[in-house]
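Each chain, written out:
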Amino acid sequence: MTQLSPPEPLASESAAPLTGSEITTTDCRQCGAEVSGLNNRYACSYCGWVNHWSEGSSTLPTAQEDPDYPGH
């Protein structure tokens, strides 16, 4: 008899919450599909359209504020 292990937690359950982040939705400007993004930054999985980073509704962190920055 094999014993089942408990399921792995979902990434959203184990990751730290994103402060001030909002899931937003719009229509893709290229193919019209509905796309969702974070703080008005979108990427369409159907046609590959991506809106410009400056169109987002919040400022992006600097490279030094990124937890993956090589200096950390």
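Chains are numbered independently. Their residues run from 1 in the order of the written sequence. In keeping with the predicted nature of the model, local features appear solely for residues at pLDDT of at least 70, side-chain atom pairs appear and are counted solely at 80 or more, and the whole-chain, interface and lining totals rest on all residues. Calculated side-chain values reflect all of the structure's heavy atoms, with hydrogen atoms and water omitted.

## A look at the overall build of the protein chain
Working step 1: Scanning the protein chain from N- to C-terminus turns up one helix and two strands.
Working step 2: Helical segments are the DSSP runs of H or I of at least four residues, strand segments are the runs of E of at least two, and each set is numbered from the N terminus. Going from N to C terminus, the protein chain has its helices and strands arranged as α-β-β.
Working step 3: Each residue's exposure class comes from its accessible area (1.4 Å probe, protein chains only) as a fraction of the maximum for that residue type: buried when under 20%, exposed when over 50%, partly exposed otherwise. For the protein chain, with 72 residues in total, the buried portion stands at 17%.
Working step 4: Summing over all exposed atoms, the protein chain offers an accessible surface of approximately 6200 Å²; the carbon and sulfur share of this is 54%. For the accessible areas, the method is Shrake-Rupley and the probe is 1.4 Å, while residue cover comes only from the protein chains on display.

## A word on the environment of Thr25
Working step 1: Along the chain, the position of Thr25 falls in strand S1 (residues 23-27).
Working step 2: For the pair formed by Thr25 and Gly37, sequence separation is twelve residues and the distance between their alpha carbons is 6.2 Å.
Working step 3: Here a polar contact is recorded for every N or O atom pair within 3.5 Å, except that within protein the pair must consist of a potential hydrogen donor and a potential acceptor, and residues adjacent in sequence are included only if both atoms are side-chain atoms. Of note is the side chain of Thr25, whose polar atom sits 3.2 Å from the side chain of Ser36.

## Side note on the nonpolar core
Working step 1: If you look at the biggest cluster of nonpolar residues, it comprises six residues: Cys28, Ala33, Val35, Tyr42, Cys44 and Trp49.
Working step 2: Excluding residues that lie within four positions of it along the chain, Cys28 makes contacts with Ala33, Val35, Cys44, Cys47 and Trp49. Think of a nonpolar core as a cluster: buried Ala, Val, Leu, Ile, Met, Phe, Trp, Tyr and Cys residues, connected wherever their side-chain atoms sit within 4.5 Å. Note on definitions: a residue-residue contact is assigned when non-hydrogen atoms from the two residues lie within 4.5 Å.

## Observations concerning the environment of Thr59
Working step 1: Note on placement: Thr59 falls in the segment after strand S2 (34-38).
Working step 2: Each C-alpha atom of the pair Thr59 and Asn39 lies 9.5 Å from the other, and the pair is 20 residues apart in sequence.

## Let's talk about the side chain of Asn39
Working step 1: Relative to the helices and strands, Asn39 is located in the segment after S2.
Working step 2: At 3.2 Å, the side chain of Asn39 and the side chain of Ser58 are in polar contact.
Working step 3: Leaving out residues up to four positions away in the same chain, Asn39 has contacts with Gly20, Ser21, Glu22, Thr24, Gly56, Ser57 and Ser58.

Such coordinate-based values are descriptive only and should not be taken to indicate function.
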